[in-house]
Amino acid sequence: MLHKYEQNGLKIVLDVNSGTVHVVDQLTWDILDYYPKDVENVIEILKDKYQEYDIREAWSEVSELERQGLLYSDDVYMDKVLEDNREIHTKALCLNVAHDCNMRCGYCFAHTGDYHEGRKLMSFEVASRAIEFLLKSSGGRKRLEVDFFGGEPLMNFDVVKKTVHFAREREKEYGKRIGFTITTNGTFLDKETAEFINENMDNIVLSIDGRKQINDYMRRFSDGSGTYDDIMPKLKSFVAFRGNKSYYIRGTFTANNLDFCNDVMHLADEGFKEISIEPVAAEKGKAYALREEHLPRIFREYDKLAEKYIEYNENGKGFRYYHFLMDLDGGPCVYKRVSSCGSGVEYFAVTPDGDLYPCHQFVGRKEYLMGDVWKGVTNGKLQGEFSENTVYHKEKCRNCWAKFYCSGGCQANAAAFNNNLKEPYDIECKLQKKRIECAIMIKAYEKL
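Residues numbered from 1 in each chain as written. Predicted model: local features only at pLDDT ≥ 70, side-chain atom pairs only at ≥ 80, totals over all residues. Heavy atoms only, no water.

Further remarks concern the overall build of the protein. On a plain count of helices and strands, the protein comes out with 17 helices and 16 strands. Taking 2.2 N^0.38 as the reference for a compact globule, 448 residues should give roughly 22 Å; the C-alpha atoms of the protein span a radius of gyration of 24 Å, in line with that estimate. Judged by the C-alpha coordinates and their principal axes, the protein covers about 75 × 50 × 45 Å. Taken over 448 residues, the protein has a buried fraction of 53%. Contacts spanning at least 24 positions in sequence make up 69% of the contacts within the protein whose residues lie at least 6 apart. Surface accessibility of the protein: about 20300 Å² in total, with carbon and sulfur atoms responsible for 46%. Measuring between centres, the 62 positive side-chain charges of the protein sit 4 Å from its 72 negative side-chain charges. (Helix = DSSP H or I, 4+ residues; strand = E, 2+ residues; numbered from the N terminus. Rg over C-alpha atoms; globule rule 2.2 N^0.38 Å. Buried < 20%, exposed > 50% of the residue type's maximum accessible area, 1.4 Å probe, protein only. Contact = heavy atoms within 4.5 Å. Areas by Shrake-Rupley, 256 points an atom, 1.4 Å probe, with all protein chains shown as cover. Lys, Arg positive; Asp, Glu negative; His and termini not counted. Charge placed at Lys NZ, Arg CZ, Asp CG, Glu CD.)

If you walk across this open sheet you meet the eleven strands as 12-11-10-9-8-7-4-13-14-15-16, and the pairing is mixed. Both edges of this open sheet fall to strand 12 (320-321) and strand 16 (376-377), since each of them pairs with a single strand only. In the sheet, strand 10 (residues 248-253) pairs with strand 11 (residues 274-279) via five bridges, with the strands oriented parallel. Across the sheet, Arg 250 pairs through a bridge with Ser 276, a residue of strand 11. Relative to strand 8 (residues 177-184), helix 6 (residues 157-174) is tilted by about 165°, and along the sheet it contacts strand 4 (92-96), strand 7 (143-149) and strand 8. (Pairing = 2+ DSSP bridges. Axes fitted to C-alpha atoms, helices over the stretch in contact; angles between N-to-C directions.)

Bringing the packing of helix 10 (residues 261-269) against helix 11 (residues 295-314) into the picture now. Remark: helix 10 packs on helix 11, axes separated minimally by 9 Å, with the N-to-C direction vectors making an angle of 20°. When the axes of helix 10 and helix 11 are compared, the pair comes out roughly parallel. By crossing handedness, the relation of helix 10 to helix 11 is classed as right-handed. Here helix 10 contributes Cys 261, Asn 262, Val 264, Met 265, Ala 268 and Asp 269 to the contact with helix 11, which in turn contributes Glu 301, Lys 304, Leu 305, Lys 308 and Tyr 312. Along the lines of polarity and charge, the residues of the contact of helix 10 with helix 11 split into six nonpolar, one polar and four charged. (Parallel < 35°, antiparallel > 145°, perpendicular 65-115°, else oblique. Left-handed = near helix turned anticlockwise from the far one by under 90°. Nonpolar A, V, L, I, M, F, W, Y, C, P; charged D, E, K, R; others polar.)

A few words on the pairing of strand 1 (residues 2-7). Side chains His 3, Tyr 5 and Gln 7 of strand 1 all project onto a buried face; the interleaved residues Leu 2, Lys 4 and Glu 6 project onto a face where none is buried. Bridge analysis of strand 1 against strand 2 (residues 10-15) gives six bridges, and the strand direction is antiparallel. Bridge assignment links Lys 4 to a residue of strand 2, and that residue is Val 13. Between strand 1 and strand 2, which pair antiparallel in sequence order, lie two residues; one of them, Asn 8, sits at a positive phi of approximately 55°.

Turning to its location among the elements, Arg 170 is positioned in helix 6. Remark: the alpha-carbon pair of Arg 170 and Glu 132, spanning 38 residues in sequence, is separated by 7.9 Å. At 2.6 Å, the side chain of Arg 170 forms a polar contact with the side chain of Glu 132. (Polar contact = N/O pair within 3.5 Å; in protein donor to acceptor, adjacent residues only side chain to side chain.)

This part takes up the packing of helix 6 against helix 7 (residues 191-200). Two numbers describe how helix 6 lies on helix 7: the axes approach to 12 Å, and their chain directions differ by 25°. On the basis of their axis angle, the class for helix 6 and helix 7 is roughly parallel. Taken as a pair, helix 6 and helix 7 cross one another with a handedness that is left-handed. Residues Phe 157, Val 160, Lys 161, Val 164, His 165 and Arg 168 of helix 6 pack against Glu 192, Thr 193, Phe 196 and Asn 200 of helix 7. Taken together, the residues that form the contact of helix 6 with helix 7 break down as four nonpolar, three polar and three charged.

What follows deals with unusual backbone geometry. Residues Tyr 35 and Pro 36 are joined by a peptide bond in cis, for which omega reads 5°. The topology assignment puts Pro 36 in the loop between helix 1 (26-31) and helix 2 (39-46). Of note, the bond from Gly 150 into Gly 151 is cis; its omega dihedral lies within 30 degrees of zero at 10°. Counting through the fold element by element, Gly 151 comes out in the loop between strand 7 and helix 6. For His 111, which is not a glycine, the phi torsion comes out positive at approximately 55°. Among the secondary structure elements, His 111 is positioned in the loop between strand 5 (98-99) and strand 6 (120-121). A residue is classified by how much of its surface remains accessible, and His 111, at 35% relative accessible area, is partly exposed. One non-glycine residue with positive phi stands out, namely His 116, at about 60°. Here His 116 shows up in the loop between strand 5 and strand 6.

Everything listed here is a matter of coordinates, which is why it stays silent on function.
Printed below as a string of structure tokens:
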């Protein structure tokens, strides 16, 4: 399977199964429209545009690439994945330590932080039990992950601190290492929290949407006031204090800022080097929801962003944009490439009450309750549905050129928009494909 497209003056051909990317000339581009027809037929078709000798030479080069498995390669993964009977072990937890928030973001999927379940904070008893569940259910895995999430997790900072210290002691007995991440709106960042996070968190996700007027339109305090002036200085100060340790700025774009490239560039100009601005996932009735008619504008914006991304890197002002980061030389293992984030299989969200859900976006949907941190996963049938939900189990994905890069898309979005884990959310698919094209183009451009 091949995928051909043109962007930024490059003619790009992706061999889907091998992952090989080719930047080709016009003649090869045209030949690939007819290959593998007999070369004599192609000469007849293209004789008004090219010399016979040139057609034969280019045809021979395409044939050699096919022989080497770099064009029209076979899918060697499908049978292996469909027949796989690996044991399931937990890899990561999202600890919803606070079902509460001091902000009232207009697009909040968590219903202003309480997930429709009432405002509450996770106790240390539940958090420590979650760590025990992770360690005991992780099998032979040596590296595990925990993300402190909310609502706003720094509203429960004492439990965050106690949980990290507890985990550091318990992981020694298991011979494992837990990497910690925290996702915060930044409003509670001060000297104490910054020092603890810098010392103990492998990564931190900091939320802001970009330009002041855009951020403050959606991201407001509970009294209705905007948050930009409060959080921007705190985020800049923290990132400077963070030094060379991992972080990234995470924002959301909606129908209100389809010119979101300007928000990314605003954050880059403010000095942030790790940036992600994500498309909102919202039901059609919401005024800020992305709709099919927005897609052409959004695609142009991604093109603009890709060109700006190259320009900034060439001019020594480089930054990294999450969706443009792609490893064309190696990349993740086959199971990661075909099975998305592992939600419901090796990754779970834990509520303040200790309930287990496939991920934070499923929290509160009782039909997706999978167990709790005391008994573990008790809904084996549901876990089986998640484990048998690779790109090869989804009709829409199996023959899609982007399947090894999007891994089948977000299962929470599939459930929310289509009530079917195996039916990806269509707008998400189209946005994913565009971002993948941009990422491949950037990598190809860098190698020229």
